[in-house]
Amino acid sequence: LMQTRPTDFTAILLDGPDKVQHLCWRFLDPSHWPENPSPHENRIRDLCLDYYRQLDTILEEIIRRAGLETTVVLASDHGFGATTEVFHINSWLAQEGYLHWAKQPESENTGILGMGQLARHTYSLDWDQTLAYAATPTSNGIHIVRVEDNDGKGIPADAYESFRAELADKLYQFIDPATGERIVSRICFREEIFPGPAGGVGPDLTLILRDGGLVSILPSDNPLKPRSAVAGTHRPEGIFIAKGPGIRQGFSIPECSILDVSPTLLYGLGLPIPEDLEGRLPVEMFEPSFLSEHPVQTEAVTNSDTGFVSNAGDAYDEEAEAVIVTRLRELGYLD
């Protein structure tokens, strides 16, 4: 595309590193590498490293074709780290009396939400008695059942704040009996991390676990279990690297946000930055003389539409769903 249809801006998503690190973190992280690795372990590690070498070659070719005067930005949407345990959140909620399982899940209705298998847990709950539940393993979020949303059964509006605080306090009290450490290291309330117009559909509480892992939503006899093998999972701290005209070489800037990428790209293209755009331009990454010659431009908000539209779309057929479920399970997004 850069050769046949050149544009001012080319964006490329490199999806492979995420999959490699989810599946093969124990082969890549030196702190989890065995002292005497087996031939199989050495082979997998060599394949992973070879993948990164090939990726470096691809990046080299892309940058060479772009030219030395082209600004290049490399950013990850998250970092990575190890996860060694599983917190079965719905089982914990059941143990504490906040969630009740249905005796006979309505399995015949599991297709009405499209991704039937992904939504199967919702038909395993007794909605007359359940007050809180986790909907997906990838969100680490807990939803509180409200009276107005559940035919009069759940938490009344005037008791919501106190119930949420009680639930958070109970989660903080859940500790590892072997170490005395909290399993949940931080809890974010909905308004803290979902401030936008669609925030109302987000979970009421979002959990950050001590090992950075993802919760399980399936029943378990023990809410906390060790993983059979170390897996890779997301971390908030990723990478941000840039080169090009006016960018200071060999300079380390303070921690940025993923939200800072858009203002950086707009500035690099010589375009104004909307005043309501989240994030900031990391001006410290540029030479002062370059900033003087290329002052930052801003523009007023031109689109004030904050409406939120949700369209679930058509349901997946069984074959497509099976493929998606298998891939999500391999990556650790599903139980």
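Above this text is the structure in question.
If you're wondering where the values come from, they're calculated on a predicted model, not measured in any experiment.

## What to know about the overall build of the protein
Part 1: Scanning the protein for helices and strands turns up 8 helices and 10 strands.
Part 2: Residue burial in the protein is summarised as follows: out of 335 residues, 32% are buried.
Part 3: Considering only contacts within the protein whose residues lie at least 6 apart along the sequence, 66% involve residues at least 24 apart.
Part 4: Summed over its atoms, the accessible surface of the protein is roughly 20,700 Å², and 53% of this surface lies on carbon and sulfur atoms.

## Examining the packing of helix 1 (residues 16–28) against helix 2 (residues 39–66)
Part 1: Orientation of helix 1 relative to helix 2, taken along the N-to-C sense of each, is 145°, at an axis distance of 10 Å. As helix 1 packs across helix 2, the resulting crossing turns out to be left-handed. Contacts from G16, P17, V20, Q21, C24, R26, F27 and L28 in helix 1 reach E41, I44, R45, C48, L49, Y51, Y52 and L55 in helix 2.
Part 2: Classifying every residue of the contact of helix 1 with helix 2 gives 11 nonpolar, 2 polar and 3 charged.

## Section: a negative patch on the surface
Part 1: A cluster of acidic residues, E275, D276, E278 and E299, forms a negative patch at the surface.
Part 2: On the basis of relative accessible area, E299 is assigned to the partly exposed category, the value being 30%.

## Description of the sheet that holds strand 5 (residues 184–189)
Part 1: Reading across the sheet, the 4 strands line up as 3-4-6-5 and stay open at both edges, with antiparallel pairing between neighbours. Only two strands of the sheet have a single partner each, and these edge strands are strand 3 (132–134) and strand 5. Pairwise comparison of adjacent strand axes, ignoring direction, gives a mean angle of 25° for this sheet.
Part 2: With 5 bridges joining them, strand 5 and strand 6 (residues 205–209) adopt antiparallel strand pairing.

## Looking at the packing of aromatic side chains
Part 1: Going through the model one piece at a time under the given rule, you end up with 11 aromatic pairs.
Part 2: Note on F87 and W92: the rings are 6.5 Å apart at their centroids and 70° apart in plane angle, and the pair reads as edge-to-face.
Part 3: Residue F87 is classed as buried on the basis of its relative accessible area, which comes to 1%.
Part 4: By relative accessible area, W92 is classed as buried at 1%.
Part 5: With 5.0 Å between their ring centres and 70° between their planes, Y267 and F286 make a pair best called edge-to-face. Here Y267 is found in helix 6 (residues 261–268), whereas its partner F286 is found in the loop between strand 9 (273–274) and helix 7 (288–293), with 19 residues between them in sequence.
Part 6: For F286, a relative accessible area of 6% puts it in the buried group.

## Description of helix 4 (residues 160–173)
Part 1: Taking 1.5 Å of rise per residue, 14 residues should cover 20 Å, and helix 4 covers 20 Å from first to last C-alpha, within 8% of that figure.
Part 2: Within the span of helix 4, buried status applies to Y160, F163, R164, L167, A168 and L171. All buried residues of helix 4 project into a common sector of 135° when viewed along the axis, lining one side.

## Focus on the pattern of salt bridges
Part 1: Considering all chains together, one arrives at 14 salt bridges under this definition.
Part 2: Among the ionic pairs, D15 bridges to K19, the shortest N-O distance being 2.2 Å.
Part 3: Accessibility expressed as a relative area gives 36% for D15, which makes it partly exposed.
Part 4: Linking E85 and R210 is a salt bridge whose minimum nitrogen-to-oxygen distance equals 2.8 Å. Of the two residues, E85 sits in strand 2 (residues 79–87) while R210 sits in the loop between strand 6 and strand 7 (224–235), which places them 125 residues apart along the sequence.
Part 5: On the basis of relative accessibility, which here comes to 12%, the residue E85 falls in the buried class.

## Digging into the environment of T7
Part 1: Within the secondary structure, T7 is located in the segment before helix 1.
Part 2: Within the structure, T7 has its side chain in polar contact with the backbone oxygen of F9 (distance 2.8 Å).

## Considering the nonpolar core
Part 1: F87, I89, L167 and L171 are the most contacted members of the largest nonpolar core, which totals 30 residues.
Part 2: Those elements that provide at least two residues to this core are helix 3 (89–95), strand 3, strand 4 (141–144), helix 4, strand 5 and strand 6.
Part 3: The element that contributes the greatest number of residues to this core is helix 4, accounting for 5 residues.
Part 4: Aside from chain neighbours lying at most four places away, what touches L167 is W92, L93, Y98, A132, I142 and L205.
Part 5: Ranked by size, the runner-up nonpolar core spans 7 residues in total, among them Y267, L281, M285 and F286.

## Details of a nonpolar patch on the surface
Part 1: A surface patch of nonpolar side chains, amounting to about 250 Å² of accessible area, comprises F9, L269 and L271.
Part 2: Note on placement: F9 falls in the segment before helix 1.
Part 3: The exposure class assigned to F9 is partly exposed, which follows from its relative accessible area of 43%.

Cut-offs applied
- Residues numbered from 1 in each chain as written.
- Predicted model: local features only at pLDDT ≥ 70, side-chain atom pairs only at ≥ 80, totals over all residues.
- Heavy atoms only, no water.
- Helix = DSSP H or I, 4+ residues; strand = E, 2+ residues; numbered from the N terminus.
- Buried < 20%, exposed > 50% of the residue type's maximum accessible area, 1.4 Å probe, protein only.
- Contact = heavy atoms within 4.5 Å.
- Areas by Shrake-Rupley, 256 points an atom, 1.4 Å probe, with all protein chains shown as cover.
- Axes fitted to C-alpha atoms, helices over the stretch in contact; angles between N-to-C directions.
- Left-handed = near helix turned anticlockwise from the far one by under 90°.
- Nonpolar A, V, L, I, M, F, W, Y, C, P; charged D, E, K, R; others polar.
- Patch = residues over 30% accessible without salt bridge, like charges linked within 9 Å, V, L, I, M, F, W, Y side chains within 5 Å.
- Salt bridge = Lys/Arg side-chain N within 4 Å of Asp/Glu carboxyl O.
- Lys, Arg positive; Asp, Glu negative; His and termini not counted.
- Charge placed at Lys NZ, Arg CZ, Asp CG, Glu CD.
- Pairing = 2+ DSSP bridges.
- Phe/Tyr/Trp six-rings, centres within 6.5 Å; stacked < 30°, edge-to-face > 60°.
- Expected span 1.5 Å × (residues − 1).
- Arc of directions from axis to C-beta.
- Polar contact = N/O pair within 3.5 Å; in protein donor to acceptor, adjacent residues only side chain to side chain.
- Core = buried A, V, L, I, M, F, W, Y, C linked by side-chain atoms within 4.5 Å.

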